[in-house]
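# Notes for the structure review
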Amino acid sequence: MKMNTDKNWLKNMAEREDGCFVSVGGLVESLEQKEQASNVIPMKPAFVRFVELARRERSLSLEQFAEKVDVDLVELVKIETEASYKPAIRTVHRIAEFLKVPQKKLLALAGLLQMKDPEFQTAALRFAARSAPVEKLSMQEHSDLEEIVKLLCEQ
Amino acid sequence: MRTSVLLLHRASGEPVEGELFDEVTVEHFLEAQREWRPIVLDAAKRLVEAGAAKEEIPRHWHWDWSSKESDLRVLAYGFVGIAYEGRLQGLMKLETAGRSGRIAAQKGKPLVYVDYLETAPWNIKQIASVLGAKPKFGAIGTRLIEAAVRRSLEEGFKGRLGLHSLSSSERFYLDVCGMTAVGKDPAKQSLLWCEFTPEQAEKFLAGGTA
């Protein structure tokens, strides 16, 4: 990037800028964003479940899916396993392209775009909520649970 | 990208060489938070106590650049900083995807959006004077907007630029930069949407505004 090197231009602009506030963004905006953030329905779990189900439906391993979609395997693993992970825009674009779904909605699902569509948000939330398992615990899981409860209850 | 940029040293009235860069890291955010915020907050308090007019009181006292750390990984965002002798003088966040013009003739055409822009408080006349000092460097805001326009050119957006100006900053964007006031945006707390057409951006770069 080559910047203007004209000293007269600089002096002229500095003189005109003198005494001006130049801030962009600000108090009103920040407060509004905070308020919106507290009301935002979390969409990310729906994105994670969608990617996982779409992959499994095609009987693809994580590695095979990453290769077909042309995304980094590490990123795909993070998407499916790290709840707080924010995927790259390019990755979401590639996934949308591969799965033939609208990019904009998938970006919203991935938490990279805010969408003012309560119906879409609620439907996504319901979809994500259905991923919560309800099967009975296996013997091993039951034993693990007892162990951690015991640990938590120890004085 | 790192490039030299001339800034106006207020005390001597002469240009000095600073550095403009886009490799902004979380360290820069923390620096802004640590060094700028207490000064802005102090100045805002003193101005309120002194009964200063609303337009004279900095409205960005609460900003938290460090909260923008996660944005560093988003490809559609770009950051630009200006430093002099290693000390941060200005910081800006840009969005380079998903934004388009609102002026009738530019409708739907892509532009670079300035999401946040701030200069170090010691470069703002009102803040420096309330703290008994003179501003250190001039034209930091101009340089950041120049960088945003050049980024727009690099992206193939022909210099088109858009931003939501705080009411206290409107004079700078309209009168000094020569942007068009498109209208208050109800979707953005009624802040004024300001926009550069390619022609206005070119004029700004050439110094023929106002």
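This text follows the structure it describes.
Description of the structure in this document. All of these numbers come straight from a predicted model, not from anything done at the bench.

## Points about the overall build of chain A
Across its full length, chain A carries 9 helices and 0 strands. Listing each helix as α and each strand as β along chain A from the N terminus yields α-α-α-α-α-α-α-α-α. Looking at chain A residue by residue over its 155 residues, the buried ones come to 36%. In chain A, once contacts between residues fewer than 6 apart in sequence are set aside, the share between residues at least 24 apart is 54%.

## Some thoughts on the nonpolar core
Of all hydrophobic cores here, the largest spans 39 residues; its most connected members are Met92(B), Val114(B), Leu117(B), Ile145(B), Leu161(B), Tyr173(B) and Phe196(B). Tallying contributions element by element places helix H3 (residues 140-154) of chain B first for this core, with 6 residues. Ranked by size, the runner-up nonpolar core spans 27 residues in total, among them Leu76(A), Leu106(A), Ala110(A) and Ala128(A).

## Considering the side chain of Asn123(B)
Residues and elements named next belong to chain B. Positionally, Asn123 belongs in the loop between strand E5 (112-119) and helix H2 (125-130). A polar atom in the side chain of Asn123 sits 3.0 Å from the side chain of Gln89. There is a polar contact of 2.9 Å between the side chain of Asn123 and the backbone nitrogen of Phe137.

## Section: the side chain of Thr197(B)
Positionally, Thr197(B) belongs in the loop between strand E9 (191-196) and helix H5 (198-206). Those residues in contact with Thr197(B) that lie beyond four places of it in its chain are Ile103(B) and Gln106(B).

## Focus on the packing of aromatic side chains
For any pair of aromatic rings, the description rests on two quantities: the centre-to-centre distance and the angle between the ring planes. Evaluation of the coordinates by the stated rule reveals 6 aromatic pairs over all chains. Judged by centre distance (5.4 Å) and plane angle (45°), the rings of Phe196(B) and Phe204(B) are tilted. Since its relative accessible area comes to 0%, Phe204(B) is described here as buried. Among the aromatic side chains, those forming a connected cluster through ring pairs are Trp9(A), Phe196(B) and Phe204(B).

## Overview of the sheet that holds strand E1 (residues 2-9) of chain B
The strand order E6-E1-E2-E3-E4-E5-E7-E9-E8 (chain B) describes an open sheet built from 9 strands, whose pairing is mixed. Each end of this open sheet is capped by a strand with a single partner; those strands are strand E6 (137-138) and strand E8 (180-185) of chain B. Both strand E3 (residues 77-84) of chain B and strand E4 (residues 87-95) of chain B contribute to a ladder of 8 bridges, which runs antiparallel. Each residue of the ladder has a partner; that of Val80(B), found in E4(B), is Met92(B). Those strands touched by helix H1 (residues 7-17) of chain A are E1, strand E2 (14-21) and E6 of chain B, and its axis lies near 55° from that of E1(B). Across the face of the sheet, H3(B) comes into contact with E1, E2, E3, E4, E5, E6, strand E7 (161-165) and E9 of chain B while running at roughly 160° to E5(B).

Scoring rules and cut-offs
Residues numbered from 1 in each chain as written. Chains lettered and ligands numbered in written order. Predicted model: local features only at pLDDT ≥ 70, side-chain atom pairs only at ≥ 80, totals over all residues. Heavy atoms only, no water. Helix = DSSP H or I, 4+ residues; strand = E, 2+ residues; numbered from the N terminus. Buried < 20%, exposed > 50% of the residue type's maximum accessible area, 1.4 Å probe, protein only. Contact = heavy atoms within 4.5 Å. Core = buried A, V, L, I, M, F, W, Y, C linked by side-chain atoms within 4.5 Å. Polar contact = N/O pair within 3.5 Å; in protein donor to acceptor, adjacent residues only side chain to side chain. Phe/Tyr/Trp six-rings, centres within 6.5 Å; stacked < 30°, edge-to-face > 60°. Pairing = 2+ DSSP bridges. Axes fitted to C-alpha atoms, helices over the stretch in contact; angles between N-to-C directions.

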